[in-house]
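Given next are the chains, with one letter for each unit.
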Amino acid sequence: MEHEKSRLLFEEALKVIPGGVNSPVRAFKAVGGDPVFIERGEGAYLVDADGNRYLDCIGSWGPLLLGHAHPRIVSKISAQLGRGTTFGAPTKLEVRLAQAICEAVPSIEKVRLVSSGTEATMSAIRAARGFTGRDKIVKFEGNYHGHADFLLAKAGSGIATLGLPECAGVPVAYTADTITLPFNDVDSLETLFGTIGTEIACVILEPVVGNMGCVPPSDGYLQKLRVITSKYGAVLIFDEVMTGFRLSYGGAQERYGITPDMTTLGKIVGGGLPLGAYGGRAEIMDKVAPVGPVYQAGTLSGNPVAVTAGLEMLSLLREGKEVIYARLEQIGERAADSMRALAANAGIPVTVNQVGSMITVFFTQKTVVKDFDQAKRSDTVRFGAWFREMLEHGIYWPPSQFESAFLSYAMSDSDIDHLEKVAEAAFLAVA
Ligand code: KE4
């Protein structure tokens, strides 16, 4: 593939943007080579500046469950643009999206719209601390909840991708109340709560982790979390920025039958535009200003253009719920089975974790990857070589061993055939 235009754009970008990218994981640092610059998205495909086409297995890191430039979303956004892009005042549209979110996710009795997943998780934790009057929070290794200072402790995603021990610029004091436990480990949870349970404001987790690569909860783990947080009065926050509206219309909490106290959303709920949300039990959310003393604000919160995209996305998902989620399960399982078989055929040890349309191929001898320690044992050099083979032959896979891939409803059976054909050659090339 020819990448001259991308190369020149990257040269220009490096002079004016740190690392030439507006989010670190896009820089391909973990997989080698230079990023390709994208010109447009078309359904399940991306087209780069040199005209190369790729099957998009990232979907902008999750939002594009229905593929790029869905005609109904484009049409609705276009109509809204002519009526104004932001008013800094309440609109009917925000009420309708809030109602749709509460209807889709019954544990959310009240919801506040913000502009990113980071804002959503940062605000949810502040509300939980305000509600309980407690300071300590619990997160899990390999889980990523955005880049709020106090959450950048043993995080996943870009922190893991770049192998950063922790984040510079975060005063030690800011993470002093952040306790990080191994994911899927009940003993450490019970030990912690047995000692300081009444001091813990909240536990936040990705119910299915995407940010260390895809790692599902072990059987009974979410139930244990629910019981122990209820026992000690700690707020259970499901960070469903990635899993919300992806693993089912009601998210991971519907799929696993767990009712958290709060939920954060992003990505899909914004229909491809900047929108996040946090919500939960009304008694917690009523602590948020102007009702209560927990302050949170945002100039573009609930802006009509992003809300319009989100509303249309949720309408499309609601209308096609049965067909869409059944299809995502089917292509997810097919892709996972194919990756296992093709790697085995090439004599490459891999563990493939897949939940619905989230999938990660861990290049590891470990037969199970259920926490960050096991994920980190992957052969990231071999993954990088495999990634570059996939990219050169038209598959845009996440440029990190510690990120989940995301399949989309826009993918046809022949697209999955293409994915399998390229993956087969890529496994053989790195054998
Ligand atoms: P944003 O601030 O990037 O909208 O959301 C932060 C966030 C919160 N919670 C979860 C579970 C998330 O996955 C994210 C962001 N995900 C990463 C991908 N692993 C975004 C991609 C990037 O950082 O460029």
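Here the structure is a predicted model, which means the values were calculated and not measured. (Residues numbered from 1 in each chain as written. Predicted model: local features only at pLDDT ≥ 70, side-chain atom pairs only at ≥ 80, totals over all residues. Heavy atoms only, no water.)

1. Looking at the overall build of the protein chain
- Each helix and strand in the protein chain was counted, giving 14 helices and 14 strands.
- Taken against the 2.2 N^0.38 rule, which gives 22 Å for 431 residues, the C-alpha radius of gyration of the protein chain at 21 Å falls within 12% of a compact globule.
- Based on the C-alpha atoms only, the size of the protein chain along its principal axes is roughly 55 × 55 × 45 Å.
- Within the protein chain, buried positions represent 57% of all 431 residues.
- Pairs at least 24 apart in sequence give 73% of the contacts found in the protein chain among residues at least 6 apart. (Helix = DSSP H or I, 4+ residues; strand = E, 2+ residues; numbered from the N terminus. Rg over C-alpha atoms; globule rule 2.2 N^0.38 Å. Buried < 20%, exposed > 50% of the residue type's maximum accessible area, 1.4 Å probe, protein only. Contact = heavy atoms within 4.5 Å.)

2. Observations concerning the packing of aromatic side chains
- Counting across every chain of the model gives 16 aromatic pairs.
- Judged by centre distance (5.1 Å) and plane angle (85°), the rings of F28 and F387 are edge-to-face. Here F28, found in the loop between helix 1 (4-16) and strand 1 (38-42), pairs with F387, found in helix 13 (residues 380-392); they are 359 residues apart in sequence, far enough to count as distant.
- Judged by relative accessible area, F28 falls into the buried class, the value being 2%. (Phe/Tyr/Trp six-rings, centres within 6.5 Å; stacked < 30°, edge-to-face > 60°.)

3. Re the sheet that holds strand 1
- Pairing in this open sheet of four strands is mixed, and the strands run 1-2-3-13 from one edge to the other. Every other strand in the sheet has two partners, leaving strand 1 and strand 13 (395-396) as the edge strands with one partner each.
- Where strand 1 lies against strand 2 (residues 45-48), four bridges are found, and the strand directions are antiparallel. Across the sheet, the residue bridging to I38 is D48, located in strand 2. (Pairing = 2+ DSSP bridges.)

4. A word on the layout of surface pockets
- Of the voids in this model, the largest pocket is the one considered here, and its volume is about 1,000 Å³.
- Lining the largest pocket are 37 residues, and of these S23, T118, Y144, G146 and K267 lie nearest its centre.
- Put simply, the parts of the chain that give the lining of the largest pocket at least two residues each are helix 4 (117-132) and helix 5 (157-161).
- In the lining of the largest pocket, the residues fall into 15 nonpolar, 16 polar and six charged.
- Each of domain 1 (4-69 + 321-430) and domain 2 (71-316) gives at least three residues to the lining of the largest pocket.
- By volume, the second largest pocket amounts to about 570 Å³. (1 Å grid on protein atoms, 1.4 Å probe; cavity = no way out; pocket = protein on both sides within 12 Å on 5 of 7 lines; lining within 4 Å. Points joined across faces, edges and corners; volume = space filled by probe spheres on them. Nonpolar A, V, L, I, M, F, W, Y, C, P; charged D, E, K, R; others polar. Domains from an automatic or database assignment.)

5. Focus on the domain arrangement of the protein chain
- Domain parsing of the protein chain yields domain 1 (4-69 + 321-430) and domain 2 (71-316).
- Here the C-alpha centroids of domain 1 and domain 2 sit 25 Å apart.
- The contact between domain 1 and domain 2 buries some 2,900 Å² in all, and 65% of this surface belongs to carbon and sulfur atoms.
- Among the residues of domain 1 in contact with domain 2, V355, M358 and F372 are the three that bury the most area, contributing 22% of the side total.
- Linking domain 1 with domain 2 are one salt bridge.
- Remark: the boundary between domain 1 and domain 2 carries 11 residue pairs in polar contact (both at pLDDT 80 or more).
- Taken together, the elements giving at least two residues each to the side of domain 1 that touches domain 2 come down to helix 11 (321-345), strand 11 (351-355), strand 12 (358-362) and helix 12 (372-376). (Buried area = accessible area lost by both parts, 1.4 Å probe. Salt bridge = Lys/Arg side-chain N within 4 Å of Asp/Glu carboxyl O. Polar contact = N/O pair within 3.5 Å; in protein donor to acceptor, adjacent residues only side chain to side chain.)

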